[in-house]
Amino acid sequence: MKEAYIGIDAHKDQNVVALAFAGRGEPELYGKAPADLDAFERVLRRILAKYGLDKEDVAICYEAGPTGFVLCRRLRALGFECEVVAPSLIPVRASDRVKTDRRDARKLAGLHRAGELVSVHVPDVADEVIRDVCRARADAVDVQAQARQQLGALLLRNGHRYAGPSTWGEPHVRYLRELVLPDPAQKVVLEEYLQRVDAAGAQVARFEAEMAARLAGWQRRKFVEALQGFRGFQMVSAMVIASELGDLSRFAHPRQLMAYLGLVPDEDSSGGRRRQGGITKCGNGHARWMLVEAAHHYRYPPKVSKELSVRQEGLDREVRAVSWRAQNRLHRRYGRLALRGLHRNKVVVAVARELAAFIWELARIVEKGAAPARQAS
């Protein structure tokens, strides 16, 4: 048991610090500290000197939020015990109607002493770097889609409709370049929209090139390559899943992974009544979104296409067997739920939930294959 528990209410410019001592009643407020890492380290050392504590005597915590995990990594590198706790799982009293930074810091310190806080997974630096690149690519795709939609709205208002088979291919872009609008100002607007679409497309390509370059030296490369052997996953989607989920060995059962992804239904049951609603949507929204997108592919009959066979070259037989079993299982699941008359979105989410279990199994297989190599090294 520690002698002191430090709660930090972390913000962009400054942190509020409180301490709860073992067996000494209510937590006490220390005060404000700069959010800069070097300055906060000096404040923390002054706290230790003031109360006669060593770094082994204290346990530190703060809420997960926009400030990220850099403070936790810095404190752990210095030898402190530091945890990042889940804000949604912090106990809240119904009578607690006043919320301030000072109250939050004291509350964190007291709950940390009582052991009532739930820690979140702190990702590795390499995982977080690749995750930032993947999320930046998603942002660029959103910008490109918005620019395309705005350009389409401009043409629709002016009565222009493209009659080709598909949009944004070479014929469509050539049609847009050669289009004549009634007023020169409208042509200027059209060209600006086209420039924005081209710039966003070039940005997406640069992010994908950076992802491919980073993949070669990433510790999760084996898992990404194995996941590409699944239907619905290519390099981008597989790297998004790997970077968002990190080390899957922390999930003892696939149901824990499903709950982490927010793919399990919420429930309000009491006595003999059992009532389930929509999915919780807790946890990692980026990984959940990618799984739902991949789940759409399993509405088609099981098949190893030409592209999938290329991605499966060099993979273990066990990995290919799991991929084929997932195709058969998830396609049957999709068909049965669709025949029951469920909404398509519910069917896809149910398939995505079971797809998470297959990904968990794949991670175990990859980890089992990597263990002997690590022992040999």
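Let me sum up the structure you'll find in this document. (Residues numbered from 1 in each chain as written. Predicted model: local features only at pLDDT ≥ 70, side-chain atom pairs only at ≥ 80, totals over all residues. Heavy atoms only, no water.)

Tallied over the full model, the rule gives 3 aromatic pairs. Each ring, one from Phe21 and one from Tyr51, has its centre 5.0 Å from the other, and the planes form 55 degrees; the classification is tilted. In this pair, Phe21 sits in strand β2 (residues 14-21) while Tyr51 sits in helix α1 (residues 37-51), placing the two residues 30 residues apart along the sequence. Judged by relative accessible area, Phe21 falls into the buried class, the value being 6%. Between Phe251 and Tyr260, the aromatic rings sit 5.4 Å apart at their centres with planes inclined by 50 degrees, giving tilted as the arrangement. Note that Lys55 overlies the ring of Phe80, its terminal NZ or CZ placed 5.5 Å from the centroid. The lysine or arginine in question, Arg250, covers the ring of Tyr260, its NZ or CZ lying 5.3 Å from the ring centre. (Phe/Tyr/Trp six-rings, centres within 6.5 Å; stacked < 30°, edge-to-face > 60°. Helix = DSSP H or I, 4+ residues; strand = E, 2+ residues; numbered from the N terminus. Buried < 20%, exposed > 50% of the residue type's maximum accessible area, 1.4 Å probe, protein only. Lys NZ or Arg CZ within 6 Å of the ring centre and 35° of its normal.)

This brings us to the environment of Gly335. Relative to the elements of secondary structure, Gly335 occurs in helix α12 (residues 317-339). Residue class for Gly335 comes out partly exposed when judged on its relative accessible area of 28%. Along the backbone, Gly335 and Glu225 are 110 residues apart, and their C-alpha atoms lie at a distance of 29 Å.

A word on the nonpolar core. If you look at the biggest cluster of nonpolar residues, it comprises 55 residues, and the most contacted ones within it are Phe223, Leu227, Phe230, Phe233, Leu291 and Leu355. Broken down by secondary-structure element, the contributors of at least two residues to this core are α4 (125-157), α6 (184-215), α7 (221-227), α8 (235-245), α9 (254-260), α10 (285-295), α12 and α13 (344-376). With near-sequence residues (within four places) excluded, Leu355 lies in contact with Phe230, Phe233, Leu291, Ala294, Ala295, Tyr298 and Leu330. Core analysis: the next-biggest nonpolar cluster, separate from the first, contains 24 residues, Val17, Ile47, Val58 and Phe80 among them. (Core = buried A, V, L, I, M, F, W, Y, C linked by side-chain atoms within 4.5 Å. Contact = heavy atoms within 4.5 Å.)

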